[in-house]
Structures are given as C-alpha cells and as structure tokens.
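Structural overview
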2 protein chains.
Amino acid sequence: MKKDKISSAVIRRLPRYFRYLNDLYHNGIVRVSSETLARSMGLTASQIRQDLSCFGGFGQQGYGYNVERLRDEVAAILGMNNNHTIIILGAGNLGRALIENFPFRSSGFRLTAAFDIDPVLVGTRLGGVPVYHVDMLQSYIAEHKTDVAVLTVPASVAKSSAALLMDCGIEGLWNFTNVEIPKNGHENVRIENVHFADSLLTLSYMISEEKL
Amino acid sequence: MKKDKISSAVIRRLPRYFRYLNDLYHNGIVRVSSETLARSMGLTASQIRQDLSCFGGFGQQGYGYNVERLRDEVAAILGMNNNHTIIILGAGNLGRALIENFPFRSSGFRLTAAFDIDPVLVGTRLGGVPVYHVDMLQSYIAEHKTDVAVLTVPASVAKSSAALLMDCGIEGLWNFTNVEIPKNGHENVRIENVHFADSLLTLSYMISEEKL
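Report follows, based on the coordinates. From a predicted model like this one, the values you see are computed outputs, not experimental measurements.

Cut-offs used in this document
- Residues numbered from 1 in each chain as written.
- Chains lettered and ligands numbered in written order.
- Predicted model: local features only at pLDDT ≥ 70, side-chain atom pairs only at ≥ 80, totals over all residues.
- Heavy atoms only, no water.
- 1 Å grid on protein atoms, 1.4 Å probe; cavity = no way out; pocket = protein on both sides within 12 Å on 5 of 7 lines; lining within 4 Å.
- Points joined across faces, edges and corners; volume = space filled by probe spheres on them.
- Helix = DSSP H or I, 4+ residues; strand = E, 2+ residues; numbered from the N terminus.
- Least-squares fit on C-alpha atoms with pLDDT ≥ 70 in both.
- Contact = heavy atoms within 4.5 Å.
- Buried < 20%, exposed > 50% of the residue type's maximum accessible area, 1.4 Å probe, protein only.
- Pairing = 2+ DSSP bridges.
- Right-handed = clockwise from strand over helix to strand, strands pointing away.
- Axes fitted to C-alpha atoms, helices over the stretch in contact; angles between N-to-C directions.
- Phe/Tyr/Trp six-rings, centres within 6.5 Å; stacked < 30°, edge-to-face > 60°.
- Lys NZ or Arg CZ within 6 Å of the ring centre and 35° of its normal.
- Salt bridge = Lys/Arg side-chain N within 4 Å of Asp/Glu carboxyl O.
- Polar contact = N/O pair within 3.5 Å; in protein donor to acceptor, adjacent residues only side chain to side chain.
- Nonpolar A, V, L, I, M, F, W, Y, C, P; charged D, E, K, R; others polar.

Topic: the layout of surface pockets
Within this model, the second largest pocket holds a volume of roughly 690 Å³. If you trace the second largest pocket, you find 32 residues lining it, with T152, V153, P154 and A155 of chain A together with N101 of chain B closest to the centre. Within the residue set of the lining of the second largest pocket, elements represented by two or more residues are α5 (93–101), β4 (109–116) and α7 (158–167) of chain A together with α5 (93–101) of chain B. With four residues, the top contributor of residues to the lining of the second largest pocket is α5 of chain A.

Set out below in structure tokens:
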C-alpha cells in the first residue's frame, strides 16, 4: 500500500468510501464498477479510479472492484484494525448521546471510560461504560492504554482539559467543543474538530442558492 | 457576486472562512493578508486568493483583505442574513445538546420549536423553545414558516420522519441519524448529513499513520 502518496483530499473521502462499500457489502453486493460507485457517491468514475489507485485499488477492466476486498483495504488504511481505545471527557447531553448511541466498535474503537465532574454521574455506568471523576483521569490513563479522547466538555474548560489530556500522552483528540485547541509543544497530537456550524452553514448556502 | 461559478469545494470551505474571519474580527483585527489567513487555516495563500476571487473577494495588493467586509460578504453568500427558521425533531440527548448549546443565531437560524413523543418532554420548554408532540408537526409547519428541520430521531424512524417533513414542504434537512434519506420526488429538498464516523475515521487514520 503506497500510503505516503495519499493526499489529504483523498483521505477525507476514504471514510465515505468505507461507508458506501460497507453498505454494499451488507446488501450482498460482491462487485461494483467505478461508474456505479461514482453515481451513488456523487463523484465521477474517473475520480474514483484515481482515488483508489492511490493505494493500489483492485479495479479490473470489465469486472470492477471486489466490494469486500476494497472495503477491507480501505478499513486497514484508516487504521480500523488497530484496536484503538477511546475515552470521553464530559458526559453532558452530547457526551451521553455519543456514549449511548455512537457505534465506536464499527469504527474500530473500544470506548473504555467516561469522565465528568457531576456527582450524580460519577460512579455510575453509561452505555456499559464506567463514569469516573475527572480527578481520576491521569491515573486512569497511566494504567490503561488510551489512544484518543473525545472532548465534550463545556467550552470554558476545553483548553485546560485538552492540555491535561495531552500531558497524559493521549495521541488524538476528537474535539466537539468548537474551541481551537493549542498544541503547546505536543505537536505530535492529532486533533480532529467537529464543527456543527460548518455543516449547518453549508445547508444554509444550499437553501439560499435555490432562491437566487 | 458571481455565485453560480462557485465550485462545491469552495462552498465547503466558506464556513471555515467565515469562522476564521469572524474570530479575527472579534479579536479586533481590521485587515489580513492572504498569507496570514493561509497560515492559520492550513491552506496556501494562492488557494485563498483563488477561492475568494470566485465571489469577487476584496483583496488589494499590499493591503490584503478588510476582515469585516470579507466576513460579511462570506456571510451573505452563505445565506446567513436570510432569517432562516429551524425546528428540531427528536429531543433525546443529541437533540437536547443542540437545543441547549448550539448557537443557531450565530449561523443565522432562529430555532422555533422542538418535537418529540416523550410525554415527559411534550408541553415543556427546552432552551427557551417549546416542545410539541410529533403529531402537531404538520399543523405547526402549516402555520409557521419553517425552512429547515434538524433530524435527531432514532435511526428506526429516520426515513418516515424525513418523508413527513418533506411532505410538509420543508426545504432543508440537517440529518444526524446516519440513515441515507431518499428524496422520493422531493428533489428540491436539500439534505446535509452529519456523519460522526467519517470524522472519527479521519482521526483514526491520522494516529495510525504516525506508527508506519
């Protein structure tokens, strides 16, 4: 797999490829042409062929792609077989929505614990996962391999919480706080920001465009 | 404003431009060069100049961009001044997180009502907004201009809820259900899907890449 040649635009599309291929697989589809894949994904067939060739895609003239093989290849590139572990900091509404409903397993992550300061929550379990006090964070991470932390704390404590997590050696932050997290020397930490507003504004554009 | 020439890739970047420009504005910055904007956004200066020229950006040789003017122009293109109204269908954890914490106003949307089937919630107010029974949806939309609906219902009722909303004449769906919504004849409806998994898988890729 020629990984270092994959551009960031292709990487951004890889999760979508995985999603579509996984759907096809679960619908019993064995092979798919770049044309069919393109139509359902809203891309062009040549873009798909180009994207997939970046990591040695398995397309064959007159056959197309083997769905399962391609899906598994994409999954491997995405690191889905790496037994990643993840914790959640902040078990408010959003944190709880993720704990109880988000299928971490399907993305290759094992959710191991949640942390909050609410005395009503601390000591309970949510979605099968123990909720600890934030004071326990450092000792927990010292004792349990933890790759990624979900940041669903209030914006006011986003930076301090992120700093604490990075000091503990976390590798990735999945940041829902809408606060720009400074790395402050932890340049190797990867941060993925979820900005709901970006998505809503895209929709705003689309419905506004209609009226022009 | 040469709107119809804006490519979808540029549109996807517009909310980010808005976010960065708005931050600069609130930090008292009056003008910014494409180089500075590029550095903070992780793009190249030439890409920024090209993007902004798509809608007649205001860059001036040796001066750069006027932050407030450019921000307002981006906001206008995004439809943020259109007094969009929005309702939420599904006041579970995720719905409540959005109702109580998401700044709809800052994106140009007025949240007017929430709908659920939970008898504990129906008749109450959440984040200043009334919660009605889903049975009231049709009559509510008939009486109140409603542009967009947020879909935060369980996946099992995602398609039927979306169909009902589209029959009611909603223009946009902000879909958090992870279910692909068929338009079934409502081709003019715009759907923006939020796929948390796509974001987590991007992070998975980034931390896996480290180890290669």
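Quick look at the relation of the copies chain A and chain B
At an RMSD of 0.0 Å, chain A and chain B line up after a rotation of 180 degrees and a shift of 0.0 Å along the axis. Taken together, the rotation angle and the small translation identify this as a two-fold axis. If distances are taken from each C-alpha of chain A to the rotation axis, the shortest is found for N93 of chain A, at 2.4 Å. An overlap of 100% is found between the interface residues of chain A and their copies at the interface of chain B, pointing to a shared contact surface.

Quick look at the pairing of strand β8 (residues 172–175) of chain A
Residues and elements named next belong to chain A. Because side chains alternate across β8, one face comprises the buried residues G172 and W174, and the other comprises L173 and N175, equally buried. Where strand β7 (residues 148–151) meets β8, four bridges bridge the pair, whose relative direction is parallel. Within β8, the position partnered with L151 by the bridge is N175. Once the chain exits β7 it traverses α7 before rejoining the sheet at β8, and the crossover so formed is right-handed. As paired strands, β8 and strand β9 (residues 190–193) are joined by four bridges and run parallel to one another. Of the residues in β9, the one forming a bridge with L173 is I191.

Notes on the sheet that holds strand β3 (residues 84–89) of chain A
Pairing within the open sheet is mixed, and its seven strands lie in the order β5-β6-β4-β3-β7-β8-β9 (chain A). At either margin of the open sheet sits one strand with a lone partner, and together these are β5 (125–126) and β9 of chain A. Along the sheet face, helix α8 (residues 196–209) of chain B touches β3, β4, β7, β8 and β9 of chain A and points at about 170 degrees away from the line of β9 of chain A.

A word on the packing of aromatic side chains
This structure, assessed with the given rule, holds 19 aromatic pairs over all chains. Pairing Y132 of chain A with Y140 of chain A gives two aromatic rings, centres 5.6 Å apart and planes at 40 degrees, and the pair type is tilted. Y140 of chain A gets classed as buried once you look at its relative accessible area, which sits at 8%. Cluster of aromatic residues (ring-pair linked, three or more members): F102, F104, W174, F176 and F196 of chain A together with F102, F104, W174, F176 and F196 of chain B. If you follow R71 of chain A out to its NZ or CZ, it ends over the ring of Y25 of chain A, 4.1 Å from the centre.

A look at the interface of chain A and chain B
Contact with chain A, which involves 57 residues of that partner, is made by 57 residues of chain B. The interface formed by chain A and chain B holds two salt bridges in total. R19 of chain B is paired through a salt bridge with D198 of chain A; the nearest N and O atoms lie 2.6 Å apart. The interface formed by chain A and chain B includes 18 residue pairs in polar contact (both at pLDDT 80 or more). Examining the composition of the side of chain A that touches chain B, we find that 14 residues originate from one element, helix α8 (residues 196–209) of chain A, more than from any other. Tallied by class, residues from the side of chain A that touches chain B come to 30 nonpolar, twelve polar and 15 charged.

Examining unusual backbone geometry
One non-glycine residue, N83 of chain A, lies in positive phi territory at about 50 degrees. The exposure class assigned to N83 of chain A is exposed, which follows from its relative accessible area of 62%. Of note in the backbone geometry, N178 of chain B takes a positive phi value of approximately 70 degrees without being a glycine. Note that N178 of chain B resides in the loop between β8 (172–175) and β9 (190–193). A residue is classified by how much of its surface remains accessible, and N178 of chain B, at 37% relative accessible area, is partly exposed.

Digging into the environment of I11 of chain A
In this structure, I11 of chain A sits in helix α1 (residues 8–26). In sequence terms I11 of chain A and I77 of chain A are 66 residues apart; their C-alpha atoms lie 9.3 Å from each other. Filtering out sequence-adjacent residues up to four positions away, I11 of chain A remains in contact with I6 of chain A together with Y205 of chain B.

A few points about the environment of T44 of chain B
Residue and element names in this part refer to chain B. Positionally, T44 belongs in the loop between α2 (34–41) and α3 (45–53). By relative accessible area, which is 44% here, T44 ends up partly exposed. Sequence spacing of T44 and I141 is 97 residues, and the spatial spacing of their C-alpha atoms is 45 Å.

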